[in-house]
Amino acid sequence: METVRFDELDLYPQVLRAIKEMGFEEATPIQSQAIPVVMSGVDVIGQAQTGTGKTASFGIPVLHKVDPNNKKTQVIILSPTRELAIQVSEEIRKLSKYMHGVKILPVYGGQDINRQIKALKGGAQIIIGTPGRVMDHLRRKTIRCEAVNTIVLDEADEMLNMGFREDIETILEYIPEEGRQTVLFSATMPKPILDITKKYQHDAVTIKVVKKELTVPSIEQYYYDVKRKDKTEVLTRLLDYYNPKLSLVFCNTKKMVDELSEELKSRGYMAEGLHGDMKQAQRDRVMKAFRSGRVEILIATDVAARGIDVDGVTHVFNYELPQDIESYVHRIGRTGRAGKDGYTCMFVDPKNARTLEQIESDIKYQIPRRNIED
Ligand code: ADP
Ligand code: MG
């Protein structure tokens with residue numbers, strides 16, 4: 001698949017710097033396709049499965065659109081739940097770290113409305129909220145939308161499942177249609193969503209990232225429920241228990257690769273990291289050490305591991321869940337080569353349970369869960 005670097009996408013240097021700091025190595029397929037189109041200002045329908053980076057697909061473009069000198073609300077993002085609203089606002093806040101004057105505020109039900117009203121009075125150009133609460137604020141005029149030029153319906157299928165259709169339509173009626181950019185992202189596109197897009201969007205461009213049919217090699221696959229803070233502990237216990245000669249540990253970001261390899265080295269493991277920011281000579285050195293067995297544990301991002309073909313890798317650990325089914329299949333395919341035994345496992349933070357379900361449904365196999373005590 002064609003890969004796109006963020007620095008090929010014509011972004012503000014401040015945003016690129018933040019992306020780099022977040023450790024994203026390259027744009028995901030939905031990001032590389034959707035970012036330029038959303039940035040062009042047209043209405044967009046974006047479809048890609050869970051965990052593929054849809055947030056940044058609209059989060060990055062809206063940061064290029066807001067006027068930091070205007071304190072009025074310019075962007076409203078609707079999100080199905082309080083948790084997702086918080087997650088989305090944290091992600092956009094990180095992306096905006098080096099932009100001055102951009103304020104991002106989540107509003108959701110269950111939080112004291114007077115506190116929210118006070119926060120709203122301080123001015124926020126980007127508001128991320130659950131439909132019910134946003135509607136409430138629009139009615140009270142504590143969110144005013146005369147300067148709103150962009151509305152994003154994030155996880156639209158979930159919002160409809162939760163019965164927010166009427167609220168969403170009410171909110172869309174509030175926002176001036178003239179010059180409005182209406183963007184919708186969803187993992188699936190059932191008919192009610194298409195009805196909304198027909199009613200409220202104009203000449204929308206559809207971007208759909210479809211998944212390919214893939215065959216999954218017959219390898220032992222397991223998952224463990226592991227909270228983020230316990231991951232290193234669990235990994236070292238598994239490494240001690242299986243004592244694999246050669247193993248691969250996958251992370252999603254360069255930052256995580258660096259952190260984890262330092263942590264394992266400091267605990268005395270023969271581990272090295274591999275990612276796209278390393279010089280070619282350095283990468284060659286690490287790969288040579290891994291092939292010869294001087295390095296037993298290779299911690300890598302998907303990009304760095306692309307094309308790695310090392311005989312004798314018996315264990316693949318998904319320290320972080322893969323972003324899509326292609327990477328999962330690619331990751332686990334690094335082991336069990338040529339009919340040899342392979343063991344793979346995933347660390348699933350309960351927060352990522354949906355990504356696990358998505359993987360299972362793609363490979364049509366229910367991955368058994370193991371407990372660390374077993
Ligand atoms: P979706 O909305 O499609 O379910 P998210 O936007 O929530 O997916 O992203 C899932 C995870 O992937 C988040 O932790 C996010 O920070 C991370 N992520 C997003 N884009 C990238 C990227 N280009 N490289 C690495 N990680 C990414
Ligand atoms: Mg999302």
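Keep in mind the model is a prediction, meaning the values are calculated, not measured.

Turning next to the overall build of the protein. A count of helical and extended segments in the protein gives 15 helices and 13 strands. Relative to a compact globule of 374 residues, whose C-alpha radius of gyration would be 21 Å, the protein shows 22 Å and is just as compact. Its C-alpha atoms give the protein principal-axis dimensions of roughly 65 × 40 × 40 Å. Buried positions account for 54% of the 374 residues belonging to the protein. Across the protein, the fraction of contacts at a sequence separation of at least 24, relative to all contacts at a separation of at least 6, is 75%. When the accessible surface of the protein is totalled, it reaches about 17900 Å², and 47% of it is carbon and sulfur. Side chains of the protein carry 54 positive and 54 negative charges; the gap between the two charge centres is 4 Å.

Turning next to the state of the cysteines. As enumerated under the stated definition, the model contains zero disulfides in all. Note on Cys 251: no disulfide assigned, nearest cysteine sulfur contributed by Cys 345 at a separation of 12 Å. Look at Cys 345 and you get buried, because its relative accessible area is 1%.

With that out of the way, let us pick up the packing of aromatic side chains. In the structure shown here, the tally under the stated rule is eight aromatic pairs. Seen from their ring centres, Phe 6 and Phe 24 are 6.3 Å apart, and the 35° between their planes marks the pair as tilted. In this pair, Phe 6 is assigned in the segment before helix H1 (13-22) and Phe 24 in the loop between H1 and helix H2 (29-39), connecting sequence segments 18 residues apart. Its relative accessible area of 5% is what places Phe 6 among the buried residues. Ring plane angle 85° and centroid distance 6.3 Å describe the contact between Tyr 224 and Phe 347, whose orientation is recorded as edge-to-face. Taken together, the residues Tyr 224 in strand E8 (residues 220-225) and Phe 347 in strand E13 (residues 343-348) connect sequence positions 123 residues apart. Looking at Tyr 224, the relative accessible area reads 3%, which means it is buried.

Before going further, it helps to spend a moment on the pattern of salt bridges. With the rule as written, the count across this model stands at 19 salt bridges. Lys 20 is the partner of Asp 277 in a salt bridge, and the nearest nitrogen-oxygen pair spans 3.5 Å. With a gap of 257 residues between them, Asp 277 in the loop between strand E10 (271-274) and helix H12 (280-292) and Lys 20 in helix H1 connect regions that are remote in the sequence. By relative accessible area, which is 44% here, Asp 277 ends up partly exposed.

This next bit is on the sheet that holds strand E9 (residues 247-250). Strand order in the open sheet formed by six strands is E8-E13-E12-E9-E11-E10, with parallel pairing between adjacent strands. The open sheet terminates on both sides in strands that have one partner only, identified here as E8 and E10. On average, each strand axis in the sheet is inclined to that of its neighbour by 20°, with strand direction left out of account. Across six bridges, the pairing between E8 and E13 is parallel. What sits directly across from Tyr 222, in E13, is Cys 345. Strands in contact with helix H11 (residues 254-266) are E9, E10 and strand E11 (297-300); relative to E10, the strand with the most contacts, it is inclined by about 170°. Packing of helix H15 (residues 353-363) onto the sheet brings it into contact with E8 and E13, and relative to E13 it is tilted by some 145°.

Where the residue is not glycine, phi is negative for most of them; where a peptide bond is considered, it is trans in most cases. Backbone geometry at Asp 10 places phi at a positive 65°, although glycine is not the residue there. Inspection of the secondary structure assignment puts Asp 10 in the segment before H1. Residue classification places Asp 10 among the exposed residues on the basis of a relative accessible area of 68%. In this structure, Lys 141 takes a positive phi of about 65° despite not being glycine.

In the neighbourhood of ligand 1, 16 residues make up the surrounding shell, with Glu 26, Gln 31, Gly 51, Thr 55 and Gln 323 lying closest. Here an oxygen atom of ligand 1 sits 3.1 Å away from a polar atom, N or O, in the main chain of Thr 52. In this structure, an oxygen atom belonging to ligand 1 sits 2.9 Å away from a side-chain N or O atom of Lys 54. Taken by itself ligand 1 offers 570 Å² of open surface, and the protein chains cover 80% of this. Classifying every residue of the shell around ligand 1 by side-chain character gives two nonpolar, ten polar and four charged.

What counts, and where the lines are drawn
Residues numbered from 1 in each chain as written. Chains lettered and ligands numbered in written order. Predicted model: local features only at pLDDT ≥ 70, side-chain atom pairs only at ≥ 80, totals over all residues. Heavy atoms only, no water. Helix = DSSP H or I, 4+ residues; strand = E, 2+ residues; numbered from the N terminus. Rg over C-alpha atoms; globule rule 2.2 N^0.38 Å. Buried < 20%, exposed > 50% of the residue type's maximum accessible area, 1.4 Å probe, protein only. Contact = heavy atoms within 4.5 Å. Areas by Shrake-Rupley, 256 points an atom, 1.4 Å probe, with all protein chains shown as cover. Lys, Arg positive; Asp, Glu negative; His and termini not counted. Charge placed at Lys NZ, Arg CZ, Asp CG, Glu CD. Disulfide = S-S within 2.5 Å. Phe/Tyr/Trp six-rings, centres within 6.5 Å; stacked < 30°, edge-to-face > 60°. Salt bridge = Lys/Arg side-chain N within 4 Å of Asp/Glu carboxyl O. Pairing = 2+ DSSP bridges. Axes fitted to C-alpha atoms, helices over the stretch in contact; angles between N-to-C directions. Near = heavy atom within 4 Å. Polar contact = N/O pair within 3.5 Å; in protein donor to acceptor, adjacent residues only side chain to side chain. Nonpolar A, V, L, I, M, F, W, Y, C, P; charged D, E, K, R; others polar.

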